[in-house]
Number of protein chains: 2
Amino acid sequence: MPRVKATVAYDGTFFEGWQVQPGRRTVQREIEEALQKMHKGVHVPIHASGRTDSGVHAKGQVFHFDSPLQLPEHKWGKALETFLPKDIHVWHSVYADDDFHARFDAVEKEYRYCVLLRKERDVFRRNHAFYYPYPTDVEAVQRAAYYIKGEHDFSSFCASNTDVTEKTRTVYEAEARLEGDELWFTFRGSGFLYNMIRIAVGTLLEVGKGNRHPEEIKTIIESKERAAAGNTAPGHGLYLWRVNY
Amino acid sequence: MPRVKATVAYDGTFFEGWQVQPGRRTVQREIEEALQKMHKGVHVPIHASGRTDSGVHAKGQVFHFDSPLQLPEHKWGKALETFLPKDIHVWHSVYADDDFHARFDAVEKEYRYCVLLRKERDVFRRNHAFYYPYPTDVEAVQRAAYYIKGEHDFSSFCASNTDVTEKTRTVYEAEARLEGDELWFTFRGSGFLYNMIRIAVGTLLEVGKGNRHPEEIKTIIESKERAAAGNTAPGHGLYLWRVNY
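Per an unreviewed UniProt entry, chain A carries the name tRNA pseudouridine synthase A and comes from Marinococcus halophilus. The UniProt entry for chain A carries the following text under Subunit (unreviewed entry): "Homodimer." UniProt, in the comment section headed Catalytic activity (unreviewed entry), describes chain A in these words: "uridine(38/39/40) in tRNA = pseudouridine(38/39/40) in tRNA".

Okay, here's the thing in structure tokens:
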């Protein structure tokens, strides 16, 4: 059966994450229900590059599935959208090799995180950026982000409730730049641990507040202790931006 | 009793407009309920500069009310926000003269309208801009907007279901400018008729599509016939931006 690879964006606000859970509105569930409608009631399981948590957004999540339907490859997006809610958008669809796997074949992932640096709340960005009304030394944040780059054991930046034992990852890019009142973080790497970006952002913001020195990131990583790092930044500032194969 | 003048922003997405209606979630209702909690169950009516329709947003709506509570004027915002939902934000509050009226004393209003000029849908802006995936001649739109400026009888740009008989208004500014993939319209005037901005935008977009000449706006206004103008653009692209007194 032909294998389809699709790229989707979603606004995570009204989803309880990606993965199907009984009684919950999740992205996977909406897409699988749409596929089921296209396949006359037959369940079509989909496989993503990875899960996203409740409230987390995606600009370029990737998933694959198998289907006997003979659609031209670029038509899958429009066909699926007929059955999808407005907070999911299929960007792109192609036929992939039979052994393509959205999760196992991913070689690089990019996440971005948006922090709203302003005193006043903004009702229009309340679900899409982390409102952070504190004086922030952006240059200190930028210097601190530098220490996250490279191959490290990231145990300090990993939620404690995880089964993963091998915690070494390679981060190719870890940067922060100010665009108006939005501080955008970009993280690109071979893969990321559970909550890794959100803990990294939470810790970098403490540097920006002046509670830690930029160089402390290095010792936090070396400690391999979750307790050494800062708070977990909220999910609604996080975007799965791109997955490369 | 002291009179308070407050400036609020709201995301209109989950409101059925400003005005209280039985069984509906409206902005006025949420604010009056918050005030009622602050006043030990006593209903405190509020008066806005004008209504907004379902889905329409505000950056700077103004309302007033009377209260016996002795709060420092700038504290009203924070106090109210304790009881308000996250899609309403009180920017500013001051004590006004006893005879100040948010509606009758308004001398100028500014509305903006955001059109999303791109082929792909954007899940993150779906409720805050009008998605318009058609080739658009922005310069033609800008030239056409020019004809809306000035003092005119705007019957052509007024929803037919209105009681208002005097339909002459003065528009001080009518402009369109492209910011990235967003086409932002700005309208500033002494006052506007029901649906006037949305009909103006709908008509200007038909100029952008090449279906009408920019100069046609002049003849549409002169006809004083609603049928001569274009469609009403949807409410979720519209923002009540500012009210001047």
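Undergrad: Please clarify how the overall build of chain A should be interpreted in this entry.
TA: Along its length, chain A carries five helices and 10 strands. Taking 18 Å as the expected radius of gyration for a compact globule of 245 residues, we find that chain A reaches 19 Å, a close match to that expectation. Projecting the C-alpha coordinates of chain A onto the three principal axes gives extents of approximately 60 × 40 × 30 Å. Counting across all 245 residues of chain A, residues that qualify as buried make up 54%. Partitioning the contacts of chain A with sequence separation of at least 6, the portion at a separation of at least 24 is 69%. As displayed, chain A offers around 11500 Å² of accessible surface, 48% of which is attributable to carbon and sulfur atoms. Distance between charge centres in chain A, computed from 33 positive and 34 negative side chains, equals 4 Å.

Undergrad: Is there a simple way to think about the UniProt feature "active site" (unreviewed entry) in chain A in this case?
TA: Residue and element names in this part refer to chain A. Those residues carrying the UniProt feature "active site" (unreviewed entry) are Asp53 in this numbering. Mapped onto the elements, Asp53 comes out in the loop between strand S2 (47-48) and strand S3 (57-66). In this structure Asp53 comes out as partly exposed when scored by relative accessible area, which is 24%. If sequence neighbours within four positions are ignored, Asp53 has contacts with Gly17, Tyr194, Asn195 and Arg198.

Undergrad: So what exactly am I meant to see when it comes to the relation of the copies chain A and chain B here?
TA: One copy of the chain maps onto the other through a rotation about an axis plus a displacement along that axis. Overlaying chain A with chain B gives an RMSD of 0.0 Å, the required rotation being 180 degrees about an axis along which the chain moves by 0.0 Å. The superposition of one copy onto the other is thereby described by a two-fold rotation axis. When the interface residues of chain A are mapped onto chain B, 100% of them again lie at the interface, so the same face is used by both copies.

Undergrad: Sorry, what's going on with the pairing of strand S1 (residues 3-10) of chain A here?
TA: Within a regular strand, side chains alternate between the sheet's two faces. Residue and element names in this part refer to chain A. Within S1, seven of the eight residues are buried, which leaves the element mostly enclosed by the surrounding structure. Sheet topology places S1 next to strand S4 (residues 88-96); eight bridges connect them, and they run antiparallel. Bridge pairing in S4 links Lys5 to Val94. Bridge count for S1 against S3 is seven bridges, and the pairing is antiparallel. Paired with Val8 across the strands is Gln61, a residue of S3.

Undergrad: Honestly, helix H4 (residues 196-208) of chain A in this entry has me stumped. Any pointers?
TA: Residues spaced three or four apart along an α-helix face the same direction, because each turn holds 3.6 residues. All names here are of chain A. Between its terminal C-alpha atoms H4 stretches 18 Å, which fits the 18 Å expected from 13 residues at 1.5 Å a residue. Along H4, 13 of the 13 residues are buried, which leaves the element largely enclosed by surrounding structure. Downstream of H4 by one or two residues, Gly210 has phi in the positive range, about 90 degrees.

Undergrad: Quick question: what am I supposed to make of the UniProt feature "binding site: substrate" (unreviewed entry) in chain A here?
TA: All names here are of chain A. When the UniProt feature table is mapped onto this chain, "binding site: substrate" (unreviewed entry) is found at Tyr111. With respect to the helices, strands and loops of the structure, Tyr111 is situated in strand S5 (residues 108-116). A relative accessible area of 10% places Tyr111 in the buried class. With residues near it in sequence (within four places) discarded, Tyr111 still touches Phe185, Thr186, Phe187, Phe192, Ile197, Leu238, Tyr239, Leu240 and Trp241.

Undergrad: So what exactly am I meant to see when it comes to the environment of His89 of chain B here?
TA: The topology assignment puts His89 of chain B in strand S4 (residues 88-96). Here the alpha-carbon distance between His89 of chain B and Gln61 of chain B, two residues 28 residues apart in the chain, equals 10 Å. Discounting residues that sit within four places of it in the chain, His89 of chain B has contacts with Glu120, Arg121 and Val123 of chain A together with Thr7, Val8, Ala9 and Glu81 of chain B. Within the local environment of His89 of chain B, its side chain forms a polar contact with the side chain of Glu120 of chain A, the two groups lying 2.4 Å apart.

Undergrad: Teacher, can you tell me more about the pattern of salt bridges here?
TA: Side-chain pairing between opposite charges can occur once the charged atoms of the two side chains come close. Residue and element names in this part refer to chain A. Under the definition given, this model contains 44 salt bridges over all chains. The residue Glu110 makes a salt bridge to Arg112 at a minimum N-O spacing of 2.8 Å. Residue classification places Glu110 among the buried positions, given a relative accessible area of 4%. One salt bridge in this structure joins Arg242 and Glu110, with 3.3 Å as the shortest N-O distance. Here Glu110 lies in strand S5 and Arg242 lies in strand S10 (residues 238-244), a separation of 132 residues in the sequence. Its relative accessible area of 42% is what places Arg242 among the partly exposed residues.

What counts and how
Residues numbered from 1 in each chain as written. Chains lettered and ligands numbered in written order. Predicted model: local features only at pLDDT ≥ 70, side-chain atom pairs only at ≥ 80, totals over all residues. Heavy atoms only, no water. UniProt positions renumbered as here; feature names shortened; annotations may be inferred. Helix = DSSP H or I, 4+ residues; strand = E, 2+ residues; numbered from the N terminus. Rg over C-alpha atoms; globule rule 2.2 N^0.38 Å. Buried < 20%, exposed > 50% of the residue type's maximum accessible area, 1.4 Å probe, protein only. Contact = heavy atoms within 4.5 Å. Areas by Shrake-Rupley, 256 points an atom, 1.4 Å probe, with all protein chains shown as cover. Lys, Arg positive; Asp, Glu negative; His and termini not counted. Charge placed at Lys NZ, Arg CZ, Asp CG, Glu CD. Least-squares fit on C-alpha atoms with pLDDT ≥ 70 in both. Pairing = 2+ DSSP bridges. Expected span 1.5 Å × (residues − 1). Polar contact = N/O pair within 3.5 Å; in protein donor to acceptor, adjacent residues only side chain to side chain. Salt bridge = Lys/Arg side-chain N within 4 Å of Asp/Glu carboxyl O.

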